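Chain residues, written in single-letter form:
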Amino acid sequence: MEKEFISADLYLSSAISILLKIQPTFKVENGRTLFVFPVNDDLYKAMNAYNNGIPINAIEYAQQIKRLRAEMLLRRKMDSGNDR
């Protein structure tokens, strides 16, 4: 089984997806949407770059935050509908 990095941090996840040019998968647990990325060296490099303040295009970053937030809310809503 492939190792996964799971984060609830929308901003970190947006930066990782831009830096790695991949979209996360999602998990909903206890009403929270979590972002899931495969663990590899590139992931650690991207996280390190983000934490060290790598420049990211502001427009691209804002758009990615909006995309992931919309997906996060949609999945949370879908999951809460399954409880009824």
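Structural data are supplied above this passage.
Here the structure is a predicted model, which is why all the values come from computation and not from measurement.

Criteria and thresholds
- Residues numbered from 1 in each chain as written.
- Predicted model: local features only at pLDDT ≥ 70, side-chain atom pairs only at ≥ 80, totals over all residues.
- Heavy atoms only, no water.
- Helix = DSSP H or I, 4+ residues; strand = E, 2+ residues; numbered from the N terminus.
- Contact = heavy atoms within 4.5 Å.
- Areas by Shrake-Rupley, 256 points an atom, 1.4 Å probe, with all protein chains shown as cover.
- Lys, Arg positive; Asp, Glu negative; His and termini not counted.
- Charge placed at Lys NZ, Arg CZ, Asp CG, Glu CD.

Chemist: What should I look at first to understand the overall build of the chain in this one?
Modeler: In terms of regular secondary structure, the chain is built from three helices and three strands. Listed by position from the N terminus, the elements making up the chain come as β-α-β-β-α-α. The dimensions of the chain, computed from C-alpha atoms along their principal axes, are 45 × 35 × 15 Å. In the chain, the proportion of contacts linking residues at least 24 apart, taken out of those at least 6 apart, comes to 70%. Working note: accessible area of the chain is about 5,900 Å², and carbon and sulfur atoms make up 51% of it. The centroid of the 12 positive side-chain charges in the chain is displaced by 7 Å from the centroid of its 10 negative side-chain charges.

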